[in-house]
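So the chains spell out like this:
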Amino acid sequence: MNVIGSPANTVILHWDECETTWAQLPWRDWVRFRGFDDGGLSLLAGAEAGEHYFLVCVLDDRGELANVIPHRYVLSTDGRLVHGFDGLRQAEREEYCRIQLLLLPTIDARGFAVNLPPPHTVQPLLRALPGLAGAQPSGACWHFLSAIGISRSSARPN
């Protein structure tokens, strides 16, 4: 299966609740977790059961943050995706899955809001987001950032 995007311009962040930090997830692990590898299994080795938050950070040619696409999943005890937990109706879920295959997906407000990380993850996120200081004022990333309470002034280094 051919995956849209690449590790060259994409950073995947995964919220680690135990460590209270955002950690980079290797591209290959993300591809396997999403079921896009040759095996088609949706597996995240070593992950605990429960709710997990991921951010797909798309970088521009200069390595600055261009877009952030939030994902929220529930994992079973064996590290596999549990489907149907997100509160979306079947048609909404199908639309969400379809647009995830686009190079720079955009999702409706309902699909977007259900995937936002919780407020207690925002401070650690400011330290983990790649290219945030150089994000263009017109960048798509500001849709996500403003939704979690980050303004352009709070994103700039002091």
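Structure: see above.
What you are looking at is a predicted structure, and each value in this text was computed from that prediction instead of being measured. (Residues numbered from 1 in each chain as written. Predicted model: local features only at pLDDT ≥ 70, side-chain atom pairs only at ≥ 80, totals over all residues. Heavy atoms only, no water.)

Caption draft 1: Just the overall build of the protein chain, in detail. Scanning the protein chain for helices and strands turns up six helices and five strands. Secondary structure elements of the protein chain occur, N-terminal to C-terminal, as β-β-α-β-β-β-α-α-α-α-α. Buried positions account for 44% of the 158 residues belonging to the protein chain. Counted over contacts in the protein chain with a minimum sequence separation of 6, partners at least 24 positions apart contribute 56%. (Helix = DSSP H or I, 4+ residues; strand = E, 2+ residues; numbered from the N terminus. Buried < 20%, exposed > 50% of the residue type's maximum accessible area, 1.4 Å probe, protein only. Contact = heavy atoms within 4.5 Å.)

Caption draft 2: Spatial organisation of the pairing of strand β4 (residues 65-75). Burial analysis of β4 places nine of its eleven residues in the buried class, the great majority of the element. The antiparallel hairpin formed by strand β3 (residues 50-59) and β4 contains five residues in its connecting segment, where glycine 63 sits at a positive phi of about 85°. Pairing of β4 with strand β5 (residues 81-82) involves two bridges; the strand directions are antiparallel. Pairing of valine 74 across the sheet is with valine 82, part of β5. If you look at the hairpin formed by β4 and β5, you'll find five residues sitting between the two strands, and glycine 79 has a positive phi there, around 80°. (Pairing = 2+ DSSP bridges.)

Caption draft 3: Fine view of the sheet that holds β3. In spatial order, the strands read β2-β1-β3-β4-β5; together these five strands make up an open sheet with antiparallel pairing. Edge positions in the open sheet fall to β2 (21-25) and β5, since each of these has one partner strand only. Of the strand pairs in this sheet, strand β1 (residues 10-16) and β3 are connected by five bridges, and their pairing is antiparallel. Note on β3: the bridge partner recorded for valine 11 is cysteine 57.

Caption draft 4: Just the environment of glycine 134, in detail. Here glycine 134 shows up in the loop between α4 (122-128) and α5 (141-147). Judged by its relative accessible area of 23%, glycine 134 is partly exposed.

Caption draft 5: Seen up close, the pattern of salt bridges. Taken as a whole, this structure holds three salt bridges when the rule is applied. For glutamate 51, the salt bridge identified is with arginine 72, shortest N-O distance 2.6 Å. With glutamate 51 in strand β3 and arginine 72 in strand β4, this pair connects stretches of sequence that are 21 residues apart. Here glutamate 51 falls in the partly exposed class, since its relative accessible area comes to 43%. Judged by its relative accessible area of 14%, arginine 72 is buried. (Salt bridge = Lys/Arg side-chain N within 4 Å of Asp/Glu carboxyl O.)

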